[in-house]
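If you want the building blocks of each chain, they are given just below.
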Amino acid sequence: MGGTRSTDATRPTARTTARAEGRTGERRRVPTIHDVARVAGVSRGTVSRFLNGGHHVSAEAAEAVRSAIHSTGYVVNRHARSLITGRSGSVAFLLTEPQERFFEDPNFNVLLRGCTRALAEHDIPLLLMIAGTPEEQLRITRYIGAGHVDGVLLVSSHTGDPVAGQLAEAGIPVVACGKPAIGAGGAVPGAHVAADDREGARVMVRHLLDTGRRRIATVAGPQDTPGGVDRLLGYREVLAASGVPADEGLIAIGDYSRDSGERAVTELLARRPDLDAVFVASDLMARGALAALERAGRRVPEDVAVGGFDDSPAAVGSRPELTTIRQPWARISTEMVRVLMGRMAGEEPSAVILPTELVVRDSA
C-alpha cells in the first residue's frame, strides 16, 4: 500500500540471505525449490520435473536449474520426495559374497566406485549391502522388497544363489554384474552387464602359446560362477585348436582368493613339475601363484610364464607386474547404471557384453 516493492534485482538471494544470517548469528535459512526456480529463471514446475527425472525439460533449462542448485546450495529433501513419488531415491549395490571378500578383492572396490560416480550424475545415492550367508540374504531381500531402494546392482551371484530370482519376483529392477548362471537357484535370465570372459581367456592362452610355452596350466575360477566356467572353456578351446594335448593334471580350481591361487599352483607343481606357463583366472589368485612359484625356486617369466585376468590393482602391485586381461571396469559400471535406470523407467531387461583387452607386462 504505502511501502516499496522489491524487484528480482534487489531482492536478496538465498546465498546473500544465508551470509547475512551467518553474520547476525541467526539460523541459516535452507534454500528451497523456489530459490532454485528464481535463480534459474524458470518455473517451480520446471525445477520439479528436472528433479524427478528431467522429462519435458529442455537442455537449456536443465543446465540453468543445475547451475542454480549448485549456486544456492539446494539439497533435495528425499524423504518428502519419496512420500510423493513412492520411490526411495536410492539404489543398492548388493554383494552376495562373504564380507571379507569385499576388502580382499580390489575388483569390488573398483566397481563400487565406478557405480557411485555414475549414479552421482543422476543425483542418486548408492547403498552398499553385503549378504554372504543365507540368513543375511533373506534379511536384505526382505528389506529391499519393502521398497527401501528403487533398484539393485547385483554383484557376484553364484549358481544356487536365490537372490536374483527373489528380487525379480518382488518386482525390483535388478542388473547383474556378469552373466546370470543357467538354473541359478530360481534366478531367471535378466538384465546384466559382463565382460567377454571366454574370449578374454582365449586371447591370454594364445599369447602364452605365442611365447613358445607348451605345458600351459590353469588355475580356473569357481565352477559355480559363469565367469569361472567361461574362462576355463576359453582355455580348453585354444589348447584343443592348437593341437596341444589336453591334460587334466594341468587344471586346478580356485575361489578367486590369493590363498587359493597359491595352493592351486603348489598342487600343479607337484603334479606337473615341468609346466612352463600358468593362466590364472584372476589377478588376486595370480599373486598367490607368484608366491608359490617363488617358494619353489621357479623364475617368472624365465621358467614359468604367468598370465592373470582383470587388470586390477593387484596386477601392477605384484613383482613382476602381471600380464593380464583387462576388464573395462569403468564401462561396466557405467553400463550397469544405464541399464538399471532403464529398468527403473520400465524398459525391458537387456544384456551388454563388453570386450576385454590383453595387457602385456613382465610376467609373460
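Sequence order sets the numbering: in each chain, residues are counted from 1 along the sequence as written. Two thresholds apply to this predicted model, a pLDDT of at least 70 for residue-level local features and 80 or more for giving and counting side-chain atom pairs, whereas whole-chain, interface and lining totals are computed over all residues. Side-chain metrics rest on all non-hydrogen atoms present in the structure, leaving aside hydrogens and water.

1. Comments concerning the packing of helix α2 (residues 33-40) against helix α4 (residues 59-72)
Axis lines are fitted to C-alpha atoms, over the contacting stretch for helices. Their N-to-C directions set the angle, which ranges from 0 to 180 degrees. A run of H or I in DSSP counts as a helix once it spans at least four residues, and a run of E counts as a strand once it spans at least two, with each numbered from the N terminus. Two numbers describe how α2 lies on α4: the axes approach to 8 Å, and their chain directions differ by 120°. In terms of their interaxial angle, α2 and α4 are classed as oblique. Taken as a pair, α2 and α4 cross one another with a handedness that is right-handed. Where α2 approaches α4, its residues Asp 35, Val 36, Val 39 and Ala 40 are matched on the opposing element by Ala 64, Val 65, Ala 68, Ile 69, Ser 71 and Thr 72. Note that Gly is not counted as nonpolar here; it falls among the polar residues with everything else outside the nonpolar set of Ala, Val, Leu, Ile, Met, Phe, Trp, Tyr, Cys and Pro and the charged set of Asp, Glu, Lys and Arg. Looking at the contact of α2 with α4, its residues break down into seven nonpolar, two polar and one charged. Each angle receives one of four descriptions, namely roughly parallel if under 35 degrees, roughly antiparallel if over 145, roughly perpendicular if within 65 to 115, and oblique otherwise. We call a crossing left-handed when the near helix sits turned anticlockwise from the far one by less than a right angle, and right-handed when that turn is clockwise. Any two residues whose heavy atoms approach within 4.5 Å at even a single point are treated as in contact.

2. Focus on the pattern of salt bridges
Here, a salt bridge means any Lys or Arg side-chain nitrogen found within 4 Å of an Asp or Glu carboxyl oxygen. All chains considered together, the criterion is met by 20 salt bridges. A salt bridge links Arg 38 to Asp 35; the nearest nitrogen and oxygen atoms lie 2.9 Å apart. One end of the pair is Arg 38 and the other is Asp 35, both in helix α2 and three residues apart, which spans about a single turn. A simple rule labels every residue: compare its accessible area, found with a 1.4 Å probe on the protein chains alone, to the largest value its type can have, and call it buried under 20%, exposed over 50%, or partly exposed in between. You can call Arg 38 partly exposed: its relative accessible area is 31%. Residue Glu 237 is joined to Arg 202 by a salt bridge in which the shortest nitrogen-to-oxygen separation is 2.8 Å. One end of the pair, Glu 237, is in helix α11 (residues 226-242); the other, Arg 202, is in helix α10 (residues 197-210), with 35 residues separating them in the sequence. A relative accessible area of 26% means that Glu 237 is categorised as partly exposed. Bridged by salt links that share partners, the residues Arg 198, Glu 199, Arg 202, Arg 206 and Glu 237 form one connected network.

3. A look at the confidence of the model for the protein chain
Put simply, the protein chain has an average pLDDT of 84, and 84% of its residues get 70 or more. Note on residues 1-26: pLDDT is under 50 here. Beyond four places in sequence and across chains, it has 19 contacts. Confidence scores per residue from the predictor, reported as pLDDT, run from 0 to 100.

4. Considering the nonpolar core
A general trend in soluble globular proteins is that nonpolar side chains are found buried together. Buried Ala, Val, Leu, Ile, Met, Phe, Trp, Tyr and Cys residues form a nonpolar core when they are joined through side-chain atoms within 4.5 Å. Ranked by size, the top nonpolar core spans 43 residues in total, and within it Tyr 235 and Val 306 carry the most contacts. Leu 95, Ile 124, Ala 195 and Leu 354 belong to the second-largest nonpolar core, a separate cluster that totals 29 residues.

5. Observations concerning the environment of Arg 231
For Arg 231, the location among the structural elements is in helix α11. For Arg 231, a relative accessible area of 6% gives the class buried. Taking C-alpha positions, Arg 231 is 7.9 Å from Glu 199, a pair spaced 32 residues apart along the chain. Those residues within four positions of Arg 231 in sequence are excluded, and the remaining contacts are Asp 197, Ala 201, Tyr 256, Phe 279, Ala 281, Phe 309, Asp 310 and Gln 327.

6. Observations regarding the packing of aromatic side chains
Pairing of aromatic side chains here covers Phe, Tyr and the six-membered ring of Trp, requires ring centres within 6.5 Å, and sorts the geometry by plane angle: under 30 degrees stacked, over 60 edge-to-face, intermediate tilted. Evaluation of the coordinates by the stated rule reveals one aromatic pair. Between Phe 279 and Phe 309, the aromatic rings sit 6.4 Å apart at their centres with planes inclined by 50°, giving tilted as the arrangement. With Phe 279 in strand β8 (residues 277-280) and Phe 309 in the loop between β9 (305-307) and α14 (313-316), the pair connects residues that are 30 residues apart, well separated along the chain. Given a relative accessible area of 1%, Phe 279 falls into the buried group. In this arrangement the basic side chain of Arg 231 is found over the ring face of Phe 309, its NZ or CZ atom lying 3.9 Å from the centre. Lysine NZ or arginine CZ positioned within 6 Å of the ring centre and within 35 degrees of the ring normal marks a charge as sitting over the ring.

7. Description of α10
To estimate how far a helix should extend, the number of its residues minus one is multiplied by 1.5 Å. The end-to-end C-alpha separation of α10 is 20 Å, in line with the 20 Å expected for 14 residues at 1.5 Å each. Restricting attention to buried positions, one finds in α10 the residues Asp 197, Gly 200, Ala 201, Met 204, Val 205, His 207, Leu 208 and Leu 209. Once α10 finishes, Gly 212 follows within two positions and takes phi at roughly 95°, a positive value.

8. Remarks on the sheet that holds strand β7 (residues 251-253)
The criterion for strand pairing is that DSSP finds at least two bridges linking the strands in question. With respect to topology, four strands assemble into an open sheet ordered β7-β6-β8-β9, the strand pairing being parallel. This sheet does not close on itself; its edge strands, each paired only once, are β7 and β9. The average angle at which neighbouring strand axes cross in this sheet is 15°, direction not considered. Across three bridges, strand β6 (residues 216-220) lies against β7 in parallel orientation. Bridge pairing in β7 places Ala 220 opposite Ile 253. Across the sheet, α10 touches β6, β8 and β9, and the angle it forms with β8 is around 170°.

9. Side note on a negative patch on the surface
Patch membership needs two things, relative accessible area over 30% and no salt bridge, and members are linked within 9 Å if like-charged or within 5 Å if nonpolar (Val, Leu, Ile, Met, Phe, Trp, Tyr). Surface accessibility follows the Shrake-Rupley procedure with a 1.4 Å probe radius. Residue values consider only the protein chains on display as shielding. In this tally Asp and Glu are treated as negative and Lys and Arg as positive; neither His nor the chain ends contributes. Note on charges: their place is set at NZ of Lys, CZ of Arg, CG of Asp or CD of Glu. A surface patch of like charges, here negative, comprises Glu 100, Glu 104, Asp 255 and Asp 259. Structurally, Asp 259 can be placed in helix α12 (residues 258-271).

10. A word on the pairing of strand β3 (residues 152-155)
Side chains of β3 alternate between two faces, with Val 152 and Leu 154 and Leu 153 and Val 155 buried alike. Relative to β3, strand β1 (residues 91-95) runs parallel, the two sharing four bridges. Bridging from a neighbouring strand, Ala 92 pairs with Val 152 of β3. In this sheet, strand β4 (residues 174-177) lies alongside β3 in parallel orientation, the contact comprising four bridges.

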